[in-house]
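Residues per chain are reported as follows:
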Amino acid sequence: EEPPGAEPYRPQFHFSPARNWMNDPNGLVHYDGEYHLFFQYNPEGNTWGNMSWGHAVSRDLVHWEELPLALPHDEREMVFSGSVVVDRENTSGFGSPENPAMVAVYTSHAKDGSRQAQSLAYSTDRGRTWTKYAGNPVLDIGARDFRDPKVQWHEPSRSWLMTVALPLEHKVRFYRSPDLRQWTELSDFGPAGAVDGVWECPDLFPMQVDGDPERTKWVLVVNLNPGGIAGGSGAQYFVGDFDGTRFTADPDQGTRWLDHGKDYYAAVSWDGDPEGRRHMIGWMNNWQYGEQIPTDPWRSAMSVPRTMGLGTVDGRPTLTQQPVAALDSLRLPDPVAVREVDVPEGSQPLAEGRGDGRTLDIEARFSPGDAEHFGLELRAGDGQKTVVGYDAAAGEVYVDRTHSGDTGFSPDFPGTQRAPLAVRDGEVRLRILLDASSVEVFGGAGESVLTDQIFPGAPEGVRLFAEGGTARLKSLDLHRLGTYRP
Ligand code: FRU
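Since we're looking at a predicted model, the values are computed, not measured.

Here is what the cut-offs are and how they apply
Residues numbered from 1 in each chain as written. Predicted model: local features only at pLDDT ≥ 70, side-chain atom pairs only at ≥ 80, totals over all residues. Heavy atoms only, no water. Near = heavy atom within 4 Å. Polar contact = N/O pair within 3.5 Å; in protein donor to acceptor, adjacent residues only side chain to side chain. Areas by Shrake-Rupley, 256 points an atom, 1.4 Å probe, with all protein chains shown as cover. Helix = DSSP H or I, 4+ residues; strand = E, 2+ residues; numbered from the N terminus. Nonpolar A, V, L, I, M, F, W, Y, C, P; charged D, E, K, R; others polar. 1 Å grid on protein atoms, 1.4 Å probe; cavity = no way out; pocket = protein on both sides within 12 Å on 5 of 7 lines; lining within 4 Å. Points joined across faces, edges and corners; volume = space filled by probe spheres on them. Phe/Tyr/Trp six-rings, centres within 6.5 Å; stacked < 30°, edge-to-face > 60°. Buried < 20%, exposed > 50% of the residue type's maximum accessible area, 1.4 Å probe, protein only. Lys NZ or Arg CZ within 6 Å of the ring centre and 35° of its normal. Pairing = 2+ DSSP bridges. Axes fitted to C-alpha atoms, helices over the stretch in contact; angles between N-to-C directions. Salt bridge = Lys/Arg side-chain N within 4 Å of Asp/Glu carboxyl O.

Novice: Just give me the short version of the site of the ligand, but keep the residues and values in it.
Specialist: Around the ligand, a shell composed of N23, D24, Q40, W48, M51, F80, S81, R147, D148, E200, Y265 and W287 is seen. Within the side chain of D148, a nitrogen or oxygen atom sits 2.6 Å from an oxygen atom of the ligand. Coverage of the ligand by the protein chains reaches 95% of its 320 Å² of free accessible surface. Mapped onto the shell around the ligand, the elements with two or more residues apiece are β1 (20-31), β5 (77-87) and β9 (147-154). A per-class count over the shell around the ligand returns five nonpolar, three polar and four charged.

See below:
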């Protein structure tokens, strides 16, 4: 077995567990200087099963330290997805005001498959050791499918607010509690938007529109599987208002997607950010082929954490995403800068090959000129390439991983994913993060995002291409990224 740094597909700046299967991010909370990342984890194998909560911590959302298992499955239950809150006023009685408890609210999935209900566990040592509450479950409606509670403190009602999925009914239900133990039903939202699959892993958070403190909207995230925009698992969202009891979506939104790639699921946000920011992370995989991806002894990575905004795009509040700013701390010396060059029809290496690599952070501004398609080819060579392109006629940014390397493990893997992206001020702006087995594309101001896994062979080339005419590369800044791994 190779050390985690040397395995060819091992992510270098995305979190992955040293070994075994991982799915959804869970329990995202900031406490005492640490961002916690819990995750759905099989401590005993490299496919889904024995679901428990794994654990990692970070001070900057970039450098992660994997910690021992937090919440194990037991003879009765698997520990499904959920959230963690810091109980500062000790409403639950599990800690004290001087040493607040971290309280996990998770779904107890009965091992015989008969029941899902919401349960508690608590820690009074900064999340290092956990105790399951003896009175579990705390919320049981007798349903077989009822999961993924996201709990937050709701200051106007001075109570805890739970957002939880009724997956088969395509509903999100809200509950309120004074103490995390007794829960009162408030209201339902849905069906709405995309419903061609089960609703899972909801999240609800307020955002200021265009950073204006006088204009707050609420964003309801609902993950969906299958029925996502790119096939299989996907994350949709609704913008609206929350009055403490009920979420009302703004009218005529259609279906809106957090990410148009195939590998961004179970996306949820951190609670309690010290700077009041909203960061999200997703499982960088898809239930269509998640257990078949060719990695060993681990399976799955998380996306890069993303700092969210709610900006006015085409006249309506729209979620925008950018990689967390601290990612810049991994940039290595000697960036490549290219300015004002024509990209004629065909494909050519970027800057005499100086930009080649397998962990890259690229910022590019193109003007389309008369080209029909243009962009970058990554991990290019030996007949392989991952294309990040712009389709001028369609007004779409796309990732084509058809020839990206190993694609044969599932018929659902090869293909092209597309996201609408307007040319603004004559330019197409792209930020591209390339890791050993993934590419993430942030278009425009971050209103169009695509996340895709890739499993390339040895080539590390970066090439420019255009089809049907000549495009112009106005600027390109490329940084190699180091690793967070010790
Ligand atoms: C989403 C999901 C959740 C569930 C967990 C089980 O990927 O199905 O709804 O809690 O995974 O691992």
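Novice: Now, about empty space enclosed by the protein: what can you tell me, with residues and values included?
Specialist: Using the criterion set out here, one finds three cavities of 30 Å³ or more in the structure. By volume, the largest cavity is sized at about 110 Å³. Lining the largest cavity are 14 residues; nearest its centre among them are P25, N26, G82, K150 and V268. Secondary structure elements with two or more residues in the lining of the largest cavity: β1, β5, β9, β13 (198-208) and β18 (265-269). Here the lining of the largest cavity gets four residues from one element, more than from any other, and that element is β1.

Novice: Tell me what's going on with the packing of aromatic side chains, and back it up with residues and numbers.
Specialist: Scanning the entire structure with this criterion turns up 30 aromatic pairs. Look at W48 and F80: their rings are 5.8 Å apart centre to centre, the planes differ by 70°, and that puts the pair in the edge-to-face class. Highlighted residues: W48 in the loop between β2 (34-41) and β3 (52-58) and F80 in strand β5, separated in sequence by 32 residues. Classification of W48 by relative accessible area gives partly exposed; the value is 32%. What makes F80 buried here is its relative accessible area of 10%. Positioned over the ring face of Y264 is R306, at 4.1 Å from the centre of the ring.

Novice: Before we move on, could you go through the sheet that holds strand β25 (residues 360-367) and cite the residues and values that matter?
Specialist: Spatially, the six strands line up as an open sheet ordered β23-β34-β25-β30-β31-β32, and their pairing is antiparallel. Strands with a single pairing partner mark the edges of an open sheet, and in this sheet they are β23 (336-343) and β32 (448-453). Strand-to-strand twist in this sheet, taken as the mean axis angle between neighbours without regard to direction, amounts to 15°. Note: strand β31 (residues 438-443) against β32, six bridges, orientation antiparallel. Counted as the bridge partner of G443 is S448 from β32.

Novice: Summarise the pattern of salt bridges; cite the residues concerned and give the values.
Specialist: According to the stated counting rule, one finds 41 salt bridges in the structure shown. Here E340 ties to R472 by a salt bridge, and the two come within 2.7 Å at their closest N and O atoms. Taken together, the residues span a long stretch of sequence, with E340 in strand β23 and R472 in strand β34 (residues 471-480) at a distance of 132 residues. Between E447 and R424 there is a salt bridge, with the nearest N and O atoms lying 3.7 Å from each other. Placement of E447 in the loop between β31 and β32 and of R424 in the loop between β29 (416-420) and β30 (428-435) is noted, with a sequence separation of 23 residues between them. Within this structure, E169, K171, R173, E185 and D188 form a network of salt bridges that share partners.

Novice: Quick rundown of the sheet that holds strand β20 (residues 298-299)? Include the residues and the values.
Specialist: An order of β4-β3-β2-β1-β20 is seen for the five strands of this open sheet, with the pairing classed as mixed. Among the strands making up the open sheet, the edge pair consists of β4 (65-71) and β20. Bridge count between β2 and β3: seven bridges; the pairing is antiparallel. Its bridge partner lying in β3, F39 is registered against G54.

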